[in-house]
Amino acid sequence: MMEVDKDFITVVLNEALMAGKRKVVIRSDLMETDLLVVDLDRQEVQGVVREDVYDEALSRMARAVGDRLARDLPNYLDLREALQASLLLPPSNLDGLMAEIYRVTERRGDPYRFPRQMCFGLDTNLLYRRLFSRLLLAGTRCGVRPFDPQKVQLLIPSMAEEELSRRVGRKYDKRDVEELKRALRDRSVAEELFNCLDKGGRKALNGQAEVAALRQRYSCWSAQGGSFVEDKEVRDDEMLGSVADEMLEQRVDVLFLTNDDKTRAHANAHKVPSLPISYPYEVPSTIQYDPWLLTELVYDLSILHTSLTLKGTGVRIRGEWMGKTVDDYRSERVRVIALQGSEIGEMLARDMRVISAIKSRFPWKELV
């Protein structure tokens, strides 16, 4: 068992390909169903589970556990959002967003001509989807040209961060673990979940990891203000009010980005320009991918489903385990487990030794 940065998922897939595994089936150990097939030769995701097939597996699991755990199980919407967040299903108006980003970088390069700079305000739903950190990994298949993130200013409302913080709370107790153990054929999948966060908390910590990543790579600041309330519409209105105040105080132009059309109405009421980020709803049967973005997909799925098996490789990837810390989430770490008889287990252990030796000798963090 190895606790590694998520980039090691790429190493796992490379070793699988070199071992002759041209296609890898990714299976949810929690839902006991296959999610998709990765064709490593063609760089395609194939055979994404159909919604009706997935819903049947979800219903089966929901009947085997209590109502509260049934509501916590990852659903098909979560799967679709993971595909969107990985940019395997990029926003339908990504070209328009990138045009705005390129325009902003050009303005930053000519402050005499453009003394009033523009920044992008981010709604919470785009922090969950990790849009801006993954734009830096996207390539030609997404139609994204390289850009300098330090020339892109991001405005993150403090209320968005507070919403993420408030979603981190409930953990699985012994009763939850016992329910899952009775429902699952592989009881070890449930045994590792004692005192772990529920699905909402895991997604929120992934959103917090996005905020941390953005502050490392982009030029970021916060829009303070607004009162947090549970009513989403009132909360969004408060958040856009704080963004409008920040625009006036800092004398900057803000383009607020959101996946929620109702939030745009609040933005309009506060005279904040906005741009909807629209994702495709239909999931095609075959999807081309950039290798680094596939890693992001597997990582997100491991958090949603807690444990994935890469069928045919003897490798399991866990995104949640007993004792996982907030720092593990911010460092985006997973557990890679080579099961008994794994064909690539020895190669992965060797790769880990080599990577650890390189990191111990070179200032690799300064080179990233």
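Just above sits the structure.
A brief look at the structure comes next. (Residues numbered from 1 in each chain as written. Predicted model: local features only at pLDDT ≥ 70, side-chain atom pairs only at ≥ 80, totals over all residues. Heavy atoms only, no water.)

Grouped together as the largest cluster of nonpolar side chains are 108 residues, with contacts concentrated most on Leu 97, Phe 132, Leu 135 and Leu 257. Considering each element in turn, this core owes the most residues, eight residues, to helix α14 (residues 291-305). Beyond its immediate stretch of four places on either side in the chain, Leu 135 contacts Leu 87, Leu 94, Leu 97, Met 98, Ile 101, Val 144, Phe 147 and Tyr 218. (Core = buried A, V, L, I, M, F, W, Y, C linked by side-chain atoms within 4.5 Å. Buried < 20%, exposed > 50% of the residue type's maximum accessible area, 1.4 Å probe, protein only. Helix = DSSP H or I, 4+ residues; strand = E, 2+ residues; numbered from the N terminus. Contact = heavy atoms within 4.5 Å.)

The strand order across the open sheet formed by five strands is β7-β6-β5-β8-β9, and the pairing between neighbours is parallel. If you trace the sheet from one side to the other, it starts and ends with β7 (219-223) and β9 (274-276), each paired once. The mean angle between the axes of side-by-side strands here comes to 30°, regardless of whether they run parallel or antiparallel. Sheet contacts for helix α8 (residues 158-167): β6 (153-157) and β7; angle to β6, the most-contacted strand, approximately 55°. (Pairing = 2+ DSSP bridges. Axes fitted to C-alpha atoms, helices over the stretch in contact; angles between N-to-C directions.)

What follows deals with the environment of Leu 97. With respect to the helices, strands and loops of the structure, Leu 97 is situated in helix α5 (residues 94-108). Separated by 127 residues in the primary sequence, Leu 97 and Gln 224 place their C-alpha atoms 25 Å from one another. The residues touching Leu 97, leaving out its near neighbours within four places in the chain, are Leu 131, Phe 132, Leu 135, Leu 257, Leu 275 and Ile 277.

For Gln 117, the location among the structural elements is in the loop between α5 and β5 (118-122). Judged by relative accessible area, Gln 117 falls into the buried class, the value being 13%. Not counting chain neighbours up to four residues away, the residues in contact with Gln 117 comprise Arg 107, Arg 108, Pro 111, Gln 153, Val 252 and Asp 253.

A few words on the packing of aromatic side chains. A ring pair, where both rings are aromatic, is described by two values, the distance of the centres and the angle of the planes. Counted under the stated rule, the structure contains four aromatic pairs. An angle of 45° between the planes, with centres 6.0 Å apart, marks the rings of Phe 120 and Phe 132 as tilted. With Phe 120 in strand β5 and Phe 132 in helix α7 (residues 131-135), this residue pair connects regions lying 12 residues apart in the sequence. Judged by its relative accessible area of 0%, Phe 120 is buried. Between Phe 132 and Tyr 218 the ring centres are 5.7 Å apart and the planes differ by 75°, which places this aromatic pair in the edge-to-face class. Highlighted residues: Phe 132 in helix α7 and Tyr 218 in the loop between α11 (199-217) and β7, separated in sequence by 86 residues. A relative accessible area of 3% means that Tyr 218 is categorised as buried. (Phe/Tyr/Trp six-rings, centres within 6.5 Å; stacked < 30°, edge-to-face > 60°.)

Quick look at the pairing of strand β8 (residues 253-258) now. With five of its six residues buried, β8 lies for the most part within the structure. As defined by bridge partners, β5 adjoins β8 across five bridges and the pair is classed as parallel. The residue bridging Gly 121 from the neighbouring strand is Phe 256, located in β8. Across three bridges, the pairing between β8 and β9 is parallel.

This part is about the sheet that holds strand β4 (residues 44-46). Within the open sheet, the eight strands sit side by side as β1-β13-β12-β11-β2-β3-β4-β10. Their pairing is antiparallel. Two strands close off the open sheet at either side, each with one partner strand: β1 (2-5) and β10 (286-288). If you compare each strand with its neighbour and ignore which way they point, the axes differ by 25° on average. Relative to strand β11 (residues 307-311), strand β2 (residues 23-28) is paired through four bridges, and the arrangement is antiparallel.

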